[in-house]
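# Working through the structure, step by step
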Protein chains: 4
Amino acid sequence: MESMIYRRKVNYYETDQMSIVHHSNYIRYFEEARLEMLDQLDLNYARMEQNGLIIPVLFVDCKYLQPLLYGDTFDLHLRITKYDGIKMELSYEIYKEDGKVLCTTGCSGHCFLDKEMKPVRMKREYPEIYQKLKALVQAE
Amino acid sequence: MESMIYRRKVNYYETDQMSIVHHSNYIRYFEEARLEMLDQLDLNYARMEQNGLIIPVLFVDCKYLQPLLYGDTFDLHLRITKYDGIKMELSYEIYKEDGKVLCTTGCSGHCFLDKEMKPVRMKREYPEIYQKLKALVQAE
Amino acid sequence: MESMIYRRKVNYYETDQMSIVHHSNYIRYFEEARLEMLDQLDLNYARMEQNGLIIPVLFVDCKYLQPLLYGDTFDLHLRITKYDGIKMELSYEIYKEDGKVLCTTGCSGHCFLDKEMKPVRMKREYPEIYQKLKALVQAE
Amino acid sequence: MESMIYRRKVNYYETDQMSIVHHSNYIRYFEEARLEMLDQLDLNYARMEQNGLIIPVLFVDCKYLQPLLYGDTFDLHLRITKYDGIKMELSYEIYKEDGKVLCTTGCSGHCFLDKEMKPVRMKREYPEIYQKLKALVQAE
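Residues numbered from 1 in each chain as written. Chains lettered and ligands numbered in written order. Predicted model: local features only at pLDDT ≥ 70, side-chain atom pairs only at ≥ 80, totals over all residues. Heavy atoms only, no water.

## Describing the overall build of chain A
Secondary structure summary: chain A contains four helices and five strands in total. In chain A, the succession of α and β elements from N to C terminus is β-α-α-β-β-β-β-α-α. By the compact-globule yardstick of 14 Å for 140 residues, chain A fits well, its C-alpha radius of gyration being 16 Å. By its C-alpha atoms, chain A is 50 × 30 × 25 Å across when sized along the principal axes. (Helix = DSSP H or I, 4+ residues; strand = E, 2+ residues; numbered from the N terminus. Rg over C-alpha atoms; globule rule 2.2 N^0.38 Å.)

## So, the pairing of strand E2 (residues 57–64) of chain A
Bridge analysis of E2 of chain A against strand E5 (residues 101–111) of chain A gives seven bridges, and the strand direction is antiparallel. Among the inter-strand pairings, Cys62 of chain A is bridged to a residue of E5 of chain A, identified as Gly106 of chain A. The sheet contact formed by E2 of chain A and strand E2 (residues 57–64) of chain D spans five bridges and is antiparallel. Paired with Val60 of chain A across the two strands is Cys62 of chain D, which belongs to E2 of chain D. (Pairing = 2+ DSSP bridges.)

## A short note on the state of the cysteines
According to the stated counting rule, one finds zero disulfides over all chains in the structure shown. Not engaged in a disulfide, the cysteine Cys111 of chain B finds its nearest cysteine sulfur in Cys62 of chain C; these two sulfurs lie 15 Å apart. Of all cysteine sulfurs in the structure, the one in Cys62 of chain C sits closest to Cys103 of chain C, which takes part in no disulfide; the separation is 11 Å. Taking relative accessible area as the criterion, Cys103 of chain C reaches 0% and is therefore assigned buried. (Disulfide = S-S within 2.5 Å. Buried < 20%, exposed > 50% of the residue type's maximum accessible area, 1.4 Å probe, protein only.)

## Quick look at the pattern of salt bridges
Per the counting criterion, the structure on display carries 36 salt bridges over all chains. The salt bridge involving Arg7 of chain D is made with Asp75 of chain D; its shortest N-O contact spans 2.8 Å. Separated by 68 residues along the polypeptide, Arg7 of chain D in strand E1 (residues 4–9) and Asp75 of chain D in strand E3 (residues 73–83) bring together distant segments of the chain. Residue Asp75 of chain D is classed as buried on the basis of its relative accessible area of 10%. A salt bridge links Glu32 of chain D to Arg8 of chain D, with the nearest nitrogen and oxygen atoms 2.7 Å apart. Highlighted residues: Glu32 of chain D in helix H1 (residues 24–40) and Arg8 of chain D in strand E1, separated in sequence by 24 residues. Arg8 of chain D matches Glu32 of chain D in its accessibility class, with the two residues each being buried. One continuous salt-bridge network, built from bridges that share partners, spans Arg7, Asp75 and Asp98 of chain A. (Salt bridge = Lys/Arg side-chain N within 4 Å of Asp/Glu carboxyl O.)

Right, dumping it as structure tokens:
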């Protein structure tokens with residue numbers, strides 16, 4: 001499967017006085033893309049949370065290669081690299097100038113919890129979601 | 001009563017590429033000072049929310065006179081200007097350079113709601129909180 | 001002229017533990033819409049800043065009527081209400097559910113400065129930009 | 001040398017609708033502590049930037065073990081783990097409840113650039129800063 005691509009413009013308030021996007025905001029871009037991916041799989045996260053399934057972040061890593069600037073539009077390429085029904089890992093690549101410049105790479109890890117913060121076995125309890133996510137896994 | 005004063009340094013990530021604090025962050029400074037004031041009155045807001053009392057924001061106004069920069073320490077002077085047990089209004093003044101430069105003025109309005117988002121009559125339902133806040137009101 | 005409309009989804013990280021969009025983020029939405037409007041007028045603000053024209057915020061007011069939630073898509077209606085070549089004021093209305101629910105109203109004031117932070121007379125120094133903005137003014 | 005400790009309260013606007021601090025904000029806490037450490041070494045970063053020395057972020061990693069909540073006060077323990085005058089790495093540990101609960105671990109990498117974004121040899125060009133940072137290095 002192709003990686004999913006999330007495109008948007010940099011917001012002015014995301015810059016800092018180094019005149020580049022503040023490094024914390026890429027972590028937010030990763031989340032935006034991740035939740036948009038779920039949405040496109042018809043796995044709306046707002047609805048999932050209401051139904052008692054939450055997907056917290058266990059770790060996040062980010063490498064900053066070239067800065068994004070205000071005025072830039074970026075493409076965030078997103079892939080699920082691991083998924084076993086208990087945990088999930090994703091990788092991220094942010095490009096600008098229509099894919100010519102790689103700005104940022106990153107990855108994040110997640111688990112699946114119920115409202116009591118107990119682990120959920122996705123395969124048994126949410127088989128439909130399990131299948132959709134499983135079908136997207138791409139080894140790195 | 002004297003106005004309460006909340007002091008802190010500007011954080012780097014609060015600047016934008018104009019090399020000043022982004023204007024949205026002053027709204028966050030107002031909230032920090034407001035909740036710190038409640039804390040000092042022994043009206044911890046974390047505990048109030050757990051007990052089912054929430055204080056949403058109805059409006060906020062802010063005037064930007066002189067910018068705060070990274071490296072600045074500011075003093076936020078805070079007063080309750082109106083309080084009738086149903087609604088509350090506060091005013092804010094942010095100074096830098098030990099009170100010599102007035103950077104920002106503002107005000108905010110609030111109500112008191114229970115978990116079902118219904119208005120709470122503070123005087124009857126939370127008489128102790130009502131009295132503490134009432135005692136702080138200063139006409140502008 | 002019709003008001004300009006800026007549409008986007010709420011981001012998860014824009015919510016707070018009241019499970020609504022934090023009130024400071026509407027100020028950021030106003031900025032997003034304002035800069036997008038300039039972009040659509042072919043008055044790209046990234047380029048304007050590079051050329052030495054900056055448009056700081058003098059004041060911002062915001063009223064919170066109904067909360068935006070994660071999962072919501074909103075329409076931000078934007079109008080220039082005053083413009084004399086020295087100062088500019090805009091008004092904002094945020095709707096959700098395809099215009100059925102008015103969530104937020106607001107306004108902001110701006111001036112035009114050069115790199116030395118001196119006021120710019122737009123009519124004389126940037127006649128093209130002056131005309132474009134002037135043509136958009138709508139009394140409230 | 002002991003690790004430096006940076007203490008502060010969680011701000012309300014740093015929470016999200018999961019009722020915990022949003023994971024992107026820990027990256028901001030790391031920066032706050034890092035710049036406060038420089039300040040305590042009399043290496044004020046605002047002044048360093050004005051003098052043309054910038055310290056961008058090359059990478060950041062963060063593991064989320066236990067969430068910080070609104071109402072929590074945290075201690076961020078900070079150490080320089082590598083420093084050779086060209087690059088610098090730091091490690092971070094965030095504790096709550098007076099050191100009893102480890103919430104977050106992380107690390108970040110940095111380089112030293114001049115205004116033209118060219119690498120600076122700290123030992124030769126800023127020997128005083130070089131010595132101060134070198135003296136703080138602790139192997140992990």
